[in-house]
Amino acid sequence: TETDIAESQLAELESHLAAGKPPATFPSIAVDAQVIALQTKLSDLRTDLAGFLKRYGENHPNIVAVRSRLAEAQKELGQRIREVTETLRKSAELQQVRLSNQKQNLDFWEAEQTKWNKAKTQYDVLQRKADANRALFNMVLSRLSETEVMQRDSAQNIYVVDPAAIPVEFVW
């Protein structure tokens, strides 16, 4: 992932610097366009200085001017190397923050999903109860309708022919 790449690049930079190697030789710094331009400028100034030293003395204005520009270019190069190094560090930190935020978001949405699953389970239980109650209600309603129909039918066809008499003796 991007976080792993940034962290490994930062670790490589730290080990590179800890080994005493110049920062300008680290691949991510060495390929920076401004670093390359400044190194080219330094090389040109060193060439100019060597040429001037062959022709003039140490205090000649051209030598003083070239040394001043050389010092300024070295200062710029050092500043640019620090900027690139800091950019690498900040990039690794930013990736760690992004990863942390993604983990927090993942944890949040996993918790939300768990809540939704529990609510869905409860909903399903209530839905089954409602379906069972609806089926029971329909059955009772159907039975009630049947009973009402039977009462109406039997009430019209039944007549008391003889009232029932209470038996005086046991009948076996």
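Scope of this entry: the structure provided in the associated data block. Computed from a predicted model, the values in this text were never measured in an experiment.

Parameters at a glance
- Residues numbered from 1 in each chain as written.
- Predicted model: local features only at pLDDT ≥ 70, side-chain atom pairs only at ≥ 80, totals over all residues.
- Heavy atoms only, no water.
- Phe/Tyr/Trp six-rings, centres within 6.5 Å; stacked < 30°, edge-to-face > 60°.
- Buried < 20%, exposed > 50% of the residue type's maximum accessible area, 1.4 Å probe, protein only.
- Helix = DSSP H or I, 4+ residues; strand = E, 2+ residues; numbered from the N terminus.
- Contact = heavy atoms within 4.5 Å.
- Patch = residues over 30% accessible without salt bridge, like charges linked within 9 Å, V, L, I, M, F, W, Y side chains within 5 Å.
- Areas by Shrake-Rupley, 256 points an atom, 1.4 Å probe, with all protein chains shown as cover.
- Salt bridge = Lys/Arg side-chain N within 4 Å of Asp/Glu carboxyl O.
- Expected span 1.5 Å × (residues − 1).
- Arc of directions from axis to C-beta.

Looking at the packing of aromatic side chains
What the rule picks out here adds up to 3 aromatic pairs. Note on F52 and Y56: the rings are 5.8 Å apart at their centroids and 40° apart in plane angle, and the pair reads as tilted. According to the relative accessible area criterion, Y56 is partly exposed, its value standing at 29%. A centroid spacing of 4.9 Å and a plane angle of 80° characterise the contact between F108 and W109, whose relative ring orientation is edge-to-face. In this structure W109 comes out as partly exposed when scored by relative accessible area, which is 48%. Grouping aromatic residues by their ring pairs yields a cluster made of F108, W109 and W116.

A closer look at the environment of E146
When you line up the elements, E146 lands in helix 4 (residues 61–157). A C-alpha to C-alpha distance of 80 Å links E146 and E7, two positions 139 residues apart in sequence.

Examining the side chain of Q95
On the secondary structure map, Q95 appears in helix 4. According to the relative accessible area criterion, Q95 is buried, its value standing at 9%. If sequence neighbours within four positions are ignored, Q95 has contacts with E2, T3 and A6.

Looking at a nonpolar patch on the surface
Where nonpolar side chains cluster on the molecular surface, the patch consists of F108, W109 and W116 and spans about 370 Å² of accessible area. Within the secondary structure layout, W109 lies in helix 4.

With respect to helix 3 (residues 33–55)
One full turn of an α-helix is made of 3.6 residues, so residues set three or four places apart face in the same direction. Taking 1.5 Å as the rise per residue, helix 3 with 23 residues should run 33 Å; its terminal C-alpha atoms sit 33 Å apart, in good agreement. Buried within helix 3 are the following residues: V35, L38, L42, L45, L49 and F52.

Remarks on helix 1 (residues 2–18)
Taking 1.5 Å of rise per residue, the 17 residues of helix 1 would be expected to cover 24 Å, and the 24 Å separating its terminal C-alpha atoms lies within 8% of that figure. Considered for burial, the residues of helix 1 that qualify are T3, A6, L10, L13 and H16. Down the axis of helix 1, the sector holding all buried residues measures 160°, keeping them to one side. What points out from helix 1, more than 90 degrees from its buried face, is the exposed set I5 and A18. Positive backbone phi, approximately 85°, marks G20, located one or two places after helix 1.

Some points on the side chain of T85
Here T85 shows up in helix 4. In contact with T85, not counting residues within four places along its chain, are L13 and I29.

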